[in-house]
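# Reading the structure
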Amino acid sequence: MIGLISATAAGAAARDRLAAAWPGRTRVYEGPVGEAVRTAFHECEQLVCFLATGAVVRLLAPLLGDKAADPGVVCVDEGGRFAVSLLGGHGGGANELAREAGELLGAEPVVTTATDAVGLAGLDTLGLPYEGSVATVSRALLDGEPVALEAESAWPLPPLPTSPQGAYTIRLTDRDVAPGEREVLLRPPSLVVGVGASRGAPVEEVLGLVEGALREAGLSPRSVAELATVDAKSEEPGIVAAAERLGVPLMTYSAEELAAVEVPHPSHAPLAAVGTPSVAEAAALVRGGELLVPKRKSVREDGQAAMATCAVVRRPGRGRLAVVGLGPGARDLLTPRAAAELRRASVLVGLDQYVDQIRDLLRPGTRVLESGLGAEEERARTAVAEARKGHAVALIGSGDAGVYAMASPALAEASDDIDVVGVPGVTAALAAGAVLGAPLGHDHVSISLSDLHTPWEVIERRVRAAAEADIVVTFYNPRSRGRDWQLPKALAILAGHREPTTPVGVVRNASRPDEASRVTTLAGLDPATVDMMTVVTVGNTATRIIAGRMVTPRGYRWQERTQEGAR
(Lines give C-alpha, C1' and ligand atoms only; values in the text may rest on other atoms or scores of the structure.)
Protein backbone atom coordinates (compact mmCIF):
# COMPACT_ATOMS: atom_id res chain seq x y z
CA MET A 1 0.00 0.00 0.00
CA ILE A 2 1.18 3.55 -0.82
CA GLY A 3 0.41 6.18 1.79
CA LEU A 4 -0.41 9.66 0.46
CA ILE A 5 0.11 12.69 2.72
CA SER A 6 -0.36 16.39 1.98
CA ALA A 7 -0.58 19.64 3.94
CA THR A 8 -1.99 22.20 1.47
CA ALA A 9 -4.72 22.46 -1.13
CA ALA A 10 -2.16 22.28 -3.95
CA GLY A 11 -0.64 19.17 -2.46
CA ALA A 12 -4.06 17.63 -1.93
CA ALA A 13 -4.96 18.17 -5.59
CA ALA A 14 -1.85 16.32 -6.74
CA ARG A 15 -2.42 13.68 -4.05
CA ASP A 16 -5.93 13.06 -5.33
CA ARG A 17 -4.64 12.67 -8.89
CA LEU A 18 -2.37 9.84 -7.75
CA ALA A 19 -5.17 8.25 -5.72
CA ALA A 20 -7.45 8.31 -8.78
CA ALA A 21 -4.75 6.92 -11.06
CA TRP A 22 -3.79 4.12 -8.66
CA PRO A 23 -7.07 2.75 -7.29
CA GLY A 24 -6.51 0.03 -4.74
CA ARG A 25 -2.80 0.90 -4.39
CA THR A 26 -3.08 4.01 -2.23
CA ARG A 27 -4.45 5.21 1.10
CA VAL A 28 -4.93 8.89 1.89
CA TYR A 29 -3.89 10.01 5.39
CA GLU A 30 -5.69 13.08 6.68
CA GLY A 31 -5.17 15.06 9.86
CA PRO A 32 -2.01 16.60 11.34
CA VAL A 33 0.92 15.94 9.05
CA GLY A 34 3.30 14.63 11.72
CA GLU A 35 0.79 12.07 12.94
CA ALA A 36 -0.12 11.09 9.36
CA VAL A 37 3.54 10.47 8.45
CA ARG A 38 4.16 8.37 11.56
CA THR A 39 1.05 6.25 11.01
CA ALA A 40 1.68 5.74 7.29
CA PHE A 41 5.34 4.86 7.95
CA HIS A 42 4.28 1.87 10.03
CA GLU A 43 1.29 0.83 7.91
CA CYS A 44 2.49 1.21 4.32
CA GLU A 45 5.22 -0.21 2.10
CA GLN A 46 5.72 3.19 0.41
CA LEU A 47 4.85 6.84 1.02
CA VAL A 48 4.39 9.84 -1.24
CA CYS A 49 4.58 13.05 0.77
CA PHE A 50 3.49 16.32 -0.86
CA LEU A 51 5.73 18.28 1.46
CA ALA A 52 9.14 19.93 1.58
CA THR A 53 11.98 17.40 1.79
CA GLY A 54 13.38 19.09 4.90
CA ALA A 55 10.09 18.72 6.73
CA VAL A 56 9.82 15.07 5.77
CA VAL A 57 13.41 14.38 6.85
CA ARG A 58 12.70 15.79 10.31
CA LEU A 59 9.49 13.77 10.63
CA LEU A 60 11.12 10.54 9.46
CA ALA A 61 14.38 10.76 11.42
CA PRO A 62 13.03 9.29 14.69
CA LEU A 63 11.28 6.50 12.79
CA LEU A 64 14.18 5.12 10.79
CA GLY A 65 15.26 1.57 11.50
CA ASP A 66 16.74 -0.89 8.98
CA LYS A 67 16.96 0.11 5.33
CA ALA A 68 15.87 -3.38 4.38
CA ALA A 69 12.59 -2.87 6.26
CA ASP A 70 11.87 0.88 6.08
CA PRO A 71 9.31 1.95 3.47
CA GLY A 72 10.31 3.78 0.33
CA VAL A 73 9.53 7.50 0.56
CA VAL A 74 9.05 10.00 -2.27
CA CYS A 75 8.63 13.76 -1.80
CA VAL A 76 6.72 15.86 -4.33
CA ASP A 77 6.98 19.63 -4.03
CA GLU A 78 3.89 21.81 -3.78
CA GLY A 79 4.29 22.97 -7.37
CA GLY A 80 4.45 19.41 -8.69
CA ARG A 81 7.79 20.06 -10.39
CA PHE A 82 9.91 17.31 -8.83
CA ALA A 83 9.36 13.82 -7.43
CA VAL A 84 12.33 13.15 -5.13
CA SER A 85 13.31 9.62 -4.13
CA LEU A 86 14.16 10.37 -0.50
CA LEU A 87 14.35 7.02 1.30
CA GLY A 88 14.56 3.36 0.27
CA GLY A 89 15.50 4.02 -3.33
CA HIS A 90 16.25 0.37 -4.07
CA GLY A 91 14.96 -1.75 -1.20
CA GLY A 92 11.82 0.32 -0.74
CA GLY A 93 11.23 0.88 -4.44
CA ALA A 94 11.28 4.67 -4.08
CA ASN A 95 13.33 5.23 -7.24
CA GLU A 96 10.78 3.52 -9.44
CA LEU A 97 7.92 5.13 -7.48
CA ALA A 98 9.44 8.56 -8.14
CA ARG A 99 9.51 7.77 -11.86
CA GLU A 100 5.92 6.51 -11.85
CA ALA A 101 4.62 9.49 -9.85
CA GLY A 102 6.60 11.89 -11.99
CA GLU A 103 5.13 10.47 -15.17
CA LEU A 104 1.58 10.84 -13.87
CA LEU A 105 2.04 14.30 -12.41
CA GLY A 106 4.34 15.74 -15.06
CA ALA A 107 7.09 16.06 -12.45
CA GLU A 108 10.80 15.44 -12.97
CA PRO A 109 11.92 12.34 -11.05
CA VAL A 110 14.99 13.04 -8.91
CA VAL A 111 17.00 9.89 -8.21
CA THR A 112 20.35 10.28 -6.49
CA THR A 113 21.23 6.66 -5.74
CA ALA A 114 24.82 6.27 -6.93
CA THR A 115 24.28 3.29 -9.24
CA ASP A 116 21.18 4.83 -10.83
CA ALA A 117 22.99 8.13 -11.35
CA VAL A 118 25.58 6.49 -13.61
CA GLY A 119 23.23 3.94 -15.20
CA LEU A 120 24.45 0.85 -13.35
CA ALA A 121 22.02 -1.89 -12.43
CA GLY A 122 21.82 -2.00 -8.64
CA LEU A 123 22.78 -5.41 -7.27
CA ASP A 124 19.77 -5.22 -4.96
CA THR A 125 17.37 -4.43 -7.82
CA LEU A 126 18.00 -7.45 -10.07
CA GLY A 127 14.94 -9.31 -8.84
CA LEU A 128 17.08 -12.04 -7.25
CA PRO A 129 17.60 -12.76 -3.55
CA TYR A 130 21.02 -11.51 -2.54
CA GLU A 131 23.46 -11.85 0.35
CA GLY A 132 26.73 -10.22 1.22
CA SER A 133 28.44 -6.85 0.87
CA VAL A 134 26.18 -5.09 -1.63
CA ALA A 135 27.42 -1.62 -0.67
CA THR A 136 31.09 -2.64 -0.86
CA VAL A 137 30.86 -4.37 -4.22
CA SER A 138 28.63 -1.63 -5.66
CA ARG A 139 31.20 0.94 -4.57
CA ALA A 140 33.89 -1.06 -6.37
CA LEU A 141 31.81 -1.08 -9.56
CA LEU A 142 31.29 2.68 -9.30
CA ASP A 143 35.00 3.27 -8.74
CA GLY A 144 35.97 1.16 -11.73
CA GLU A 145 37.62 -1.51 -9.59
CA PRO A 146 37.81 -4.95 -11.22
CA VAL A 147 34.82 -7.00 -10.07
CA ALA A 148 34.63 -10.64 -11.15
CA LEU A 149 31.35 -12.31 -12.10
CA GLU A 150 31.33 -15.99 -11.22
CA ALA A 151 28.18 -17.55 -12.64
CA GLU A 152 27.91 -21.20 -11.70
CA SER A 153 25.02 -21.49 -14.14
CA ALA A 154 23.92 -19.30 -17.04
CA TRP A 155 21.25 -16.77 -16.10
CA PRO A 156 19.85 -13.77 -18.02
CA LEU A 157 21.29 -11.01 -15.85
CA PRO A 158 21.22 -7.34 -16.86
CA PRO A 159 24.55 -5.81 -17.89
CA LEU A 160 27.22 -5.47 -15.22
CA PRO A 161 30.70 -4.02 -15.91
CA THR A 162 32.56 -7.04 -14.58
CA SER A 163 36.02 -8.46 -15.27
CA PRO A 164 37.38 -12.01 -15.60
CA GLN A 165 39.20 -11.53 -12.29
CA GLY A 166 39.05 -9.07 -9.44
CA ALA A 167 39.42 -8.44 -5.74
CA TYR A 168 35.62 -8.18 -5.54
CA THR A 169 33.17 -10.84 -6.66
CA ILE A 170 29.57 -11.21 -7.73
CA ARG A 171 28.71 -14.90 -7.52
CA LEU A 172 25.55 -16.38 -9.02
CA THR A 173 24.96 -19.64 -7.17
CA ASP A 174 22.19 -21.81 -5.75
CA ARG A 175 24.62 -23.56 -3.39
CA ASP A 176 24.30 -22.95 0.34
CA VAL A 177 27.55 -21.04 0.84
CA ALA A 178 28.38 -17.96 2.87
CA PRO A 179 29.53 -14.77 1.08
CA GLY A 180 33.08 -13.57 1.47
CA GLU A 181 34.03 -10.15 2.81
CA ARG A 182 34.10 -8.59 -0.67
CA GLU A 183 31.45 -10.73 -2.27
CA VAL A 184 27.78 -10.60 -3.18
CA LEU A 185 25.83 -13.80 -3.70
CA LEU A 186 22.95 -13.72 -6.14
CA ARG A 187 20.44 -16.55 -5.77
CA PRO A 188 18.90 -17.62 -9.09
CA PRO A 189 15.47 -19.33 -8.88
CA SER A 190 16.95 -22.52 -10.31
CA LEU A 191 15.69 -25.22 -7.93
CA VAL A 192 12.40 -27.08 -8.23
CA VAL A 193 11.26 -29.29 -5.38
CA GLY A 194 8.84 -32.06 -6.27
CA VAL A 195 6.69 -33.17 -3.36
CA GLY A 196 4.25 -35.95 -2.69
CA ALA A 197 2.23 -36.49 0.47
CA SER A 198 -0.34 -38.81 1.94
CA ARG A 199 -3.69 -37.33 2.87
CA GLY A 200 -3.39 -35.35 6.09
CA ALA A 201 0.41 -35.08 6.06
CA PRO A 202 1.28 -32.27 8.49
CA VAL A 203 3.04 -29.20 7.13
CA GLU A 204 5.88 -29.68 9.61
CA GLU A 205 6.65 -33.08 8.08
CA VAL A 206 6.52 -31.78 4.49
CA LEU A 207 8.53 -28.64 5.24
CA GLY A 208 11.04 -30.45 7.41
CA LEU A 209 11.66 -32.99 4.63
CA VAL A 210 12.19 -30.26 2.03
CA GLU A 211 14.48 -28.16 4.21
CA GLY A 212 16.48 -31.21 5.25
CA ALA A 213 16.92 -32.38 1.66
CA LEU A 214 18.19 -28.94 0.63
CA ARG A 215 20.50 -28.67 3.62
CA GLU A 216 22.09 -32.07 3.13
CA ALA A 217 22.58 -31.40 -0.59
CA GLY A 218 24.23 -28.05 0.18
CA LEU A 219 21.55 -26.06 -1.66
CA SER A 220 20.13 -22.68 -0.72
CA PRO A 221 16.39 -22.52 0.05
CA ARG A 222 16.47 -18.98 -1.40
CA SER A 223 16.98 -20.51 -4.86
CA VAL A 224 13.82 -22.61 -4.70
CA ALA A 225 11.58 -21.39 -7.51
CA GLU A 226 8.54 -23.57 -6.85
CA LEU A 227 7.09 -26.65 -5.26
CA ALA A 228 5.57 -29.10 -7.73
CA THR A 229 3.14 -31.96 -7.28
CA VAL A 230 0.30 -33.87 -8.94
CA ASP A 231 -3.09 -32.23 -9.55
CA ALA A 232 -4.75 -34.57 -7.05
CA LYS A 233 -2.65 -32.96 -4.29
CA SER A 234 -3.25 -29.35 -5.30
CA GLU A 235 -5.30 -28.68 -2.17
CA GLU A 236 -3.46 -30.94 0.27
CA PRO A 237 -3.08 -28.64 3.32
CA GLY A 238 0.43 -29.76 4.26
CA ILE A 239 1.78 -29.15 0.75
CA VAL A 240 -0.07 -25.85 0.29
CA ALA A 241 1.16 -24.55 3.64
CA ALA A 242 4.75 -25.65 2.93
CA ALA A 243 4.76 -23.64 -0.31
CA GLU A 244 3.37 -20.62 1.54
CA ARG A 245 6.04 -20.80 4.24
CA LEU A 246 8.78 -21.11 1.64
CA GLY A 247 7.24 -18.17 -0.23
CA VAL A 248 7.08 -19.98 -3.57
CA PRO A 249 4.22 -20.96 -5.89
CA LEU A 250 2.77 -24.46 -5.94
CA MET A 251 2.73 -25.91 -9.47
CA THR A 252 0.59 -28.93 -10.26
CA TYR A 253 0.54 -31.37 -13.18
CA SER A 254 -1.85 -34.04 -14.32
CA ALA A 255 -1.16 -37.68 -13.56
CA GLU A 256 -0.87 -38.30 -17.30
CA GLU A 257 1.88 -35.68 -17.64
CA LEU A 258 3.83 -37.10 -14.72
CA ALA A 259 3.42 -40.69 -15.86
CA ALA A 260 5.16 -39.77 -19.12
CA VAL A 261 8.30 -38.58 -17.29
CA GLU A 262 11.12 -41.11 -17.00
CA VAL A 263 12.30 -41.29 -13.38
CA PRO A 264 14.93 -43.42 -11.58
CA HIS A 265 12.64 -44.57 -8.75
CA PRO A 266 9.08 -45.35 -9.91
CA SER A 267 6.71 -46.92 -7.38
CA HIS A 268 3.44 -48.84 -7.40
CA ALA A 269 2.05 -46.93 -4.42
CA PRO A 270 1.51 -43.55 -6.13
CA LEU A 271 0.38 -45.34 -9.28
CA ALA A 272 -2.44 -46.92 -7.33
CA ALA A 273 -3.24 -43.75 -5.39
CA VAL A 274 -3.11 -40.98 -8.00
CA GLY A 275 -2.44 -42.67 -11.36
CA THR A 276 1.30 -42.07 -11.85
CA PRO A 277 4.29 -44.20 -10.77
CA SER A 278 6.10 -41.08 -9.54
CA VAL A 279 5.00 -37.82 -7.98
CA ALA A 280 8.02 -36.16 -6.35
CA GLU A 281 10.65 -36.99 -8.97
CA ALA A 282 8.31 -36.65 -11.95
CA ALA A 283 6.89 -33.31 -10.78
CA ALA A 284 10.41 -31.96 -10.31
CA LEU A 285 11.59 -33.28 -13.68
CA VAL A 286 8.51 -32.65 -15.83
CA ARG A 287 9.98 -29.47 -17.36
CA GLY A 288 13.52 -30.83 -17.56
CA GLY A 289 16.64 -30.31 -15.52
CA GLU A 290 19.26 -32.16 -13.49
CA LEU A 291 18.11 -34.39 -10.65
CA LEU A 292 20.22 -33.31 -7.64
CA VAL A 293 18.28 -35.06 -4.89
CA PRO A 294 16.52 -38.31 -5.84
CA LYS A 295 13.28 -39.22 -4.14
CA ARG A 296 13.56 -39.37 -0.40
CA LYS A 297 10.99 -40.01 2.29
CA SER A 298 10.33 -38.21 5.53
CA VAL A 299 11.31 -39.84 8.80
CA ARG A 300 8.82 -39.71 11.67
CA GLU A 301 9.88 -39.78 15.29
CA ASP A 302 6.87 -41.91 16.27
CA GLY A 303 8.04 -44.71 14.00
CA GLN A 304 4.97 -44.48 11.80
CA ALA A 305 5.13 -44.71 7.99
CA ALA A 306 6.44 -41.69 6.14
CA MET A 307 3.73 -39.36 4.84
CA ALA A 308 5.83 -37.19 2.50
CA THR A 309 8.37 -37.54 -0.30
CA CYS A 310 10.47 -34.98 -2.12
CA ALA A 311 13.05 -34.64 -4.90
CA VAL A 312 15.10 -31.64 -6.03
CA VAL A 313 15.96 -30.67 -9.60
CA ARG A 314 18.14 -27.86 -10.92
CA ARG A 315 16.69 -26.28 -14.03
CA PRO A 316 19.07 -24.41 -16.31
CA GLY A 317 18.52 -20.71 -16.74
CA ARG A 318 16.55 -19.84 -19.87
CA GLY A 319 18.02 -17.15 -22.05
CA ARG A 320 15.80 -14.20 -22.88
CA LEU A 321 15.42 -12.64 -26.31
CA ALA A 322 13.59 -9.32 -26.53
CA VAL A 323 12.79 -8.28 -30.10
CA VAL A 324 12.53 -4.51 -29.81
CA GLY A 325 11.00 -2.02 -32.22
CA LEU A 326 12.68 1.39 -31.92
CA GLY A 327 9.97 3.33 -33.74
CA PRO A 328 10.51 5.62 -36.72
CA GLY A 329 13.51 7.42 -35.25
CA ALA A 330 12.30 10.17 -32.93
CA ARG A 331 13.31 9.54 -29.32
CA ASP A 332 9.88 10.49 -27.98
CA LEU A 333 8.31 7.78 -30.14
CA LEU A 334 10.49 5.11 -28.52
CA THR A 335 8.15 3.38 -26.08
CA PRO A 336 8.98 3.18 -22.35
CA ARG A 337 8.83 -0.61 -22.62
CA ALA A 338 11.42 -0.58 -25.39
CA ALA A 339 13.71 1.67 -23.34
CA ALA A 340 13.36 -0.66 -20.35
CA GLU A 341 14.29 -3.69 -22.46
CA LEU A 342 17.37 -1.89 -23.77
CA ARG A 343 18.50 -1.24 -20.20
CA ARG A 344 17.78 -4.84 -19.22
CA ALA A 345 19.76 -6.49 -22.02
CA SER A 346 23.32 -7.59 -21.37
CA VAL A 347 23.77 -8.23 -25.12
CA LEU A 348 22.48 -5.91 -27.85
CA VAL A 349 22.32 -7.04 -31.48
CA GLY A 350 21.42 -4.66 -34.27
CA LEU A 351 22.16 -2.72 -37.43
CA ASP A 352 24.96 -0.25 -36.74
CA GLN A 353 22.92 2.85 -37.59
CA TYR A 354 20.09 1.74 -35.27
CA VAL A 355 22.56 1.03 -32.48
CA ASP A 356 23.82 4.60 -32.82
CA GLN A 357 20.28 5.89 -32.22
CA ILE A 358 19.99 4.35 -28.77
CA ARG A 359 23.59 3.83 -27.62
CA ASP A 360 23.16 6.41 -24.86
CA LEU A 361 20.34 4.35 -23.32
CA LEU A 362 22.48 1.26 -22.75
CA ARG A 363 23.80 0.43 -19.31
CA PRO A 364 27.56 0.16 -18.70
CA GLY A 365 28.72 -3.37 -19.42
CA THR A 366 26.31 -4.00 -22.30
CA ARG A 367 28.00 -6.05 -25.03
CA VAL A 368 27.09 -4.62 -28.45
CA LEU A 369 27.13 -6.81 -31.57
CA GLU A 370 26.48 -4.55 -34.55
CA SER A 371 26.69 -5.12 -38.29
CA GLY A 372 25.91 -3.32 -41.52
CA LEU A 373 23.11 -3.43 -44.06
CA GLY A 374 22.13 -6.74 -45.58
CA ALA A 375 22.97 -8.96 -42.60
CA GLU A 376 19.46 -9.38 -41.17
CA GLU A 377 19.50 -13.18 -41.04
CA GLU A 378 23.00 -13.24 -39.55
CA ARG A 379 21.90 -10.81 -36.83
CA ALA A 380 18.87 -12.97 -36.09
CA ARG A 381 21.02 -16.09 -35.76
CA THR A 382 23.50 -14.24 -33.55
CA ALA A 383 20.76 -12.97 -31.22
CA VAL A 384 19.21 -16.41 -30.82
CA ALA A 385 22.62 -18.01 -30.24
CA GLU A 386 23.44 -15.49 -27.49
CA ALA A 387 20.07 -16.12 -25.83
CA ARG A 388 20.75 -19.87 -25.91
CA LYS A 389 23.91 -19.20 -23.91
CA GLY A 390 21.67 -17.88 -21.14
CA HIS A 391 22.06 -14.15 -21.79
CA ALA A 392 19.46 -11.40 -21.75
CA VAL A 393 19.49 -10.25 -25.39
CA ALA A 394 17.83 -7.35 -27.18
CA LEU A 395 17.53 -7.57 -30.97
CA ILE A 396 16.60 -4.17 -32.33
CA GLY A 397 14.94 -2.99 -35.50
CA SER A 398 13.34 0.22 -36.71
CA GLY A 399 9.62 0.85 -36.54
CA ASP A 400 7.89 -2.24 -35.27
CA ALA A 401 10.21 -5.22 -35.17
CA GLY A 402 7.42 -7.45 -36.44
CA VAL A 403 6.76 -5.40 -39.60
CA TYR A 404 9.35 -5.98 -42.35
CA ALA A 405 11.97 -6.18 -39.61
CA MET A 406 13.84 -8.52 -37.28
CA ALA A 407 11.09 -10.43 -35.48
CA SER A 408 10.33 -12.74 -38.37
CA PRO A 409 13.87 -14.05 -39.04
CA ALA A 410 14.59 -14.25 -35.30
CA LEU A 411 11.51 -16.28 -34.48
CA ALA A 412 12.20 -18.53 -37.45
CA GLU A 413 15.52 -19.39 -35.75
CA ALA A 414 14.28 -19.59 -32.16
CA SER A 415 12.93 -22.76 -30.57
CA ASP A 416 11.21 -23.24 -27.23
CA ASP A 417 14.50 -23.43 -25.31
CA ILE A 418 14.57 -19.63 -24.81
CA ASP A 419 12.06 -17.03 -23.69
CA VAL A 420 11.04 -14.58 -26.41
CA VAL A 421 9.46 -11.20 -25.72
CA GLY A 422 8.07 -8.95 -28.44
CA VAL A 423 8.18 -5.20 -27.85
CA PRO A 424 5.98 -3.29 -30.30
CA GLY A 425 7.07 -0.04 -31.88
CA VAL A 426 5.54 2.70 -34.00
CA THR A 427 5.90 1.42 -37.54
CA ALA A 428 6.54 3.62 -40.58
CA ALA A 429 2.98 3.37 -41.91
CA LEU A 430 1.60 4.75 -38.65
CA ALA A 431 4.25 7.47 -38.34
CA ALA A 432 3.63 8.58 -41.92
CA GLY A 433 -0.12 8.35 -41.47
CA ALA A 434 0.01 10.69 -38.49
CA VAL A 435 1.98 13.20 -40.57
CA LEU A 436 -0.44 13.02 -43.49
CA GLY A 437 -3.64 13.22 -41.44
CA ALA A 438 -5.86 10.14 -41.24
CA PRO A 439 -5.28 8.14 -44.42
CA LEU A 440 -5.61 4.79 -42.58
CA GLY A 441 -9.03 5.54 -41.12
CA HIS A 442 -10.57 2.49 -42.80
CA ASP A 443 -9.25 -0.83 -44.10
CA HIS A 444 -5.64 -0.61 -45.20
CA VAL A 445 -2.75 -2.82 -46.21
CA SER A 446 1.03 -2.50 -46.19
CA ILE A 447 2.99 -3.93 -49.12
CA SER A 448 6.75 -3.98 -49.56
CA LEU A 449 7.87 -3.41 -53.13
CA SER A 450 11.27 -4.98 -52.50
CA ASP A 451 11.63 -8.17 -54.54
CA LEU A 452 14.84 -9.21 -52.78
CA HIS A 453 12.92 -11.71 -50.65
CA THR A 454 9.58 -11.93 -52.46
CA PRO A 455 9.18 -12.64 -56.20
CA TRP A 456 7.70 -9.72 -58.11
CA GLU A 457 4.89 -11.93 -59.38
CA VAL A 458 3.69 -12.38 -55.79
CA ILE A 459 4.01 -8.67 -55.03
CA GLU A 460 2.09 -7.75 -58.16
CA ARG A 461 -0.70 -10.16 -57.27
CA ARG A 462 -1.04 -8.57 -53.86
CA VAL A 463 -1.09 -5.03 -55.28
CA ARG A 464 -3.75 -6.06 -57.77
CA ALA A 465 -5.87 -7.62 -55.00
CA ALA A 466 -5.65 -4.43 -52.91
CA ALA A 467 -6.57 -2.35 -55.95
CA GLU A 468 -9.60 -4.46 -56.74
CA ALA A 469 -10.72 -4.48 -53.08
CA ASP A 470 -10.48 -0.66 -52.85
CA ILE A 471 -8.13 -0.78 -49.85
CA VAL A 472 -5.78 2.03 -48.85
CA VAL A 473 -2.23 0.91 -49.63
CA THR A 474 1.02 1.90 -47.92
CA PHE A 475 4.14 0.99 -49.89
CA TYR A 476 7.29 0.16 -47.95
CA ASN A 477 10.69 0.01 -49.70
CA PRO A 478 9.14 1.76 -52.71
CA ARG A 479 12.21 2.60 -54.78
CA SER A 480 15.99 2.36 -54.74
CA ARG A 481 18.75 2.91 -57.31
CA GLY A 482 18.66 -0.72 -58.34
CA ARG A 483 14.85 -1.02 -58.19
CA ASP A 484 13.35 1.90 -60.05
CA TRP A 485 10.54 0.28 -62.03
CA GLN A 486 8.48 -1.45 -59.29
CA LEU A 487 6.77 1.67 -57.94
CA PRO A 488 5.59 2.93 -61.38
CA LYS A 489 4.26 -0.57 -62.10
CA ALA A 490 2.39 -0.71 -58.79
CA LEU A 491 0.92 2.76 -59.30
CA ALA A 492 -0.25 1.77 -62.77
CA ILE A 493 -2.09 -1.23 -61.32
CA LEU A 494 -3.85 1.01 -58.79
CA ALA A 495 -4.66 3.56 -61.52
CA GLY A 496 -6.66 0.88 -63.28
CA HIS A 497 -9.14 0.90 -60.41
CA ARG A 498 -8.95 4.45 -58.99
CA GLU A 499 -9.38 7.96 -60.30
CA PRO A 500 -6.30 10.02 -61.27
CA THR A 501 -7.29 12.47 -58.51
CA THR A 502 -6.98 9.81 -55.77
CA PRO A 503 -4.94 11.37 -52.93
CA VAL A 504 -1.42 10.07 -52.39
CA GLY A 505 0.75 10.91 -49.40
CA VAL A 506 4.54 10.84 -49.54
CA VAL A 507 6.55 11.01 -46.31
CA ARG A 508 10.31 10.82 -46.04
CA ASN A 509 12.05 10.18 -42.71
CA ALA A 510 8.86 10.43 -40.69
CA SER A 511 9.45 11.93 -37.21
CA ARG A 512 13.14 12.61 -37.84
CA PRO A 513 14.73 16.08 -37.99
CA ASP A 514 14.80 16.06 -41.80
CA GLU A 515 11.21 14.88 -42.16
CA ALA A 516 9.54 15.93 -45.41
CA SER A 517 6.01 15.25 -46.58
CA ARG A 518 3.60 16.21 -49.30
CA VAL A 519 0.13 15.27 -50.50
CA THR A 520 -0.35 14.79 -54.21
CA THR A 521 -2.51 12.63 -56.48
CA LEU A 522 -2.17 9.30 -58.19
CA ALA A 523 -1.64 11.08 -61.51
CA GLY A 524 0.65 13.74 -60.04
CA LEU A 525 3.14 11.55 -58.17
CA ASP A 526 6.59 11.45 -59.77
CA PRO A 527 8.20 8.10 -58.72
CA ALA A 528 11.65 9.62 -59.27
CA THR A 529 11.13 11.75 -56.12
CA VAL A 530 10.78 8.65 -53.94
CA ASP A 531 13.58 6.65 -52.29
CA MET A 532 14.04 3.90 -49.67
CA MET A 533 13.57 6.34 -46.79
CA THR A 534 10.11 7.18 -48.09
CA VAL A 535 6.68 5.72 -47.38
CA VAL A 536 3.99 6.15 -50.03
CA THR A 537 0.31 5.92 -49.03
CA VAL A 538 -2.32 5.69 -51.77
CA GLY A 539 -5.91 6.39 -50.73
CA ASN A 540 -9.00 4.47 -51.74
CA THR A 541 -12.02 5.83 -53.63
CA ALA A 542 -13.37 7.42 -50.41
CA THR A 543 -10.14 9.18 -49.39
CA ARG A 544 -10.31 12.97 -49.59
CA ILE A 545 -7.96 15.91 -49.09
CA ILE A 546 -9.45 18.15 -46.41
CA ALA A 547 -7.56 21.28 -45.37
CA GLY A 548 -4.44 19.83 -46.93
CA ARG A 549 -4.69 16.53 -45.03
CA MET A 550 -5.47 13.05 -46.29
CA VAL A 551 -8.63 11.66 -44.69
CA THR A 552 -10.13 8.23 -45.27
CA PRO A 553 -13.57 8.06 -43.61
CA ARG A 554 -14.48 5.10 -41.47
CA GLY A 555 -17.41 4.32 -43.75
CA TYR A 556 -18.81 5.24 -47.15
CA ARG A 557 -22.00 6.65 -45.62
CA TRP A 558 -19.99 9.58 -44.28
CA GLN A 559 -18.84 10.31 -47.82
CA GLU A 560 -22.40 10.09 -49.16
CA ARG A 561 -23.75 12.49 -46.50
CA THR A 562 -20.95 14.94 -47.25
CA GLN A 563 -21.75 14.86 -50.97
CA GLU A 564 -25.49 15.27 -50.32
CA GLY A 565 -24.81 18.24 -48.03
CA ALA A 566 -22.70 19.86 -50.74
CA ARG A 567 -25.59 19.57 -53.16
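Going by the structure above, here's the rest.
The present account deals with the structure reproduced in this document. Small disclaimer: the values here were computed from a predicted structure and weren't measured.

### So, the overall build of the protein chain
Along the backbone of the protein chain there are 19 helices and 28 strands. Each of the three principal axes of the protein chain carries a C-alpha extent, and together these read 95 × 65 × 55 Å. Surface accessibility of the protein chain: about 26,800 Å² in total, with carbon and sulfur atoms responsible for 51%. If you average the places of the 56 positive and of the 69 negative side-chain charges in the protein chain, the two averages end up 3 Å apart.

### Side note on the side chain of Q486
Looking at where Q486 falls in the secondary structure, it is placed in helix α18 (residues 486-495). Among residues more than four places away in sequence, those in contact with Q486 are L449, D451 and W456.

### Thoughts on the side chain of R483
Secondary-structure assignment places R483 in the loop between β23 (472-476) and α18. In this structure, R483 is buried with no salt-bridge partner, the nearest side chain bearing the opposite charge being D451 at 4.6 Å. Engagement of the side chain of R483 in a polar contact is seen with the backbone oxygen of L449, the distance being 3.1 Å. A polar atom in the side chain of R483 sits 3.1 Å from the backbone oxygen of N477. In contact with R483, not counting residues within four places along its chain, are L449, S450, D451, N477, P478 and M532.

### Section: the sheet that holds strand β13 (residues 250-253)
If you trace the five strands from one edge of the open sheet to the other, you get β13-β12-β11-β15-β14, paired in mixed fashion. Two strands lie at the open edges of the sheet, namely β13 and β14 (290-297), each paired on one side alone. Shown here is a sheet whose adjacent strand axes are inclined to one another by a mean of 20 degrees, direction ignored. Two elements, strand β12 (residues 224-230) and β13, share four bridges in a ladder whose sense is parallel.

How each quantity is defined
- Residues numbered from 1 in each chain as written.
- Predicted model: local features only at pLDDT ≥ 70, side-chain atom pairs only at ≥ 80, totals over all residues.
- Heavy atoms only, no water.
- Helix = DSSP H or I, 4+ residues; strand = E, 2+ residues; numbered from the N terminus.
- Areas by Shrake-Rupley, 256 points an atom, 1.4 Å probe, with all protein chains shown as cover.
- Lys, Arg positive; Asp, Glu negative; His and termini not counted.
- Charge placed at Lys NZ, Arg CZ, Asp CG, Glu CD.
- Contact = heavy atoms within 4.5 Å.
- Buried < 20%, exposed > 50% of the residue type's maximum accessible area, 1.4 Å probe, protein only.
- Salt bridge = Lys/Arg side-chain N within 4 Å of Asp/Glu carboxyl O.
- Polar contact = N/O pair within 3.5 Å; in protein donor to acceptor, adjacent residues only side chain to side chain.
- Pairing = 2+ DSSP bridges.
- Axes fitted to C-alpha atoms, helices over the stretch in contact; angles between N-to-C directions.

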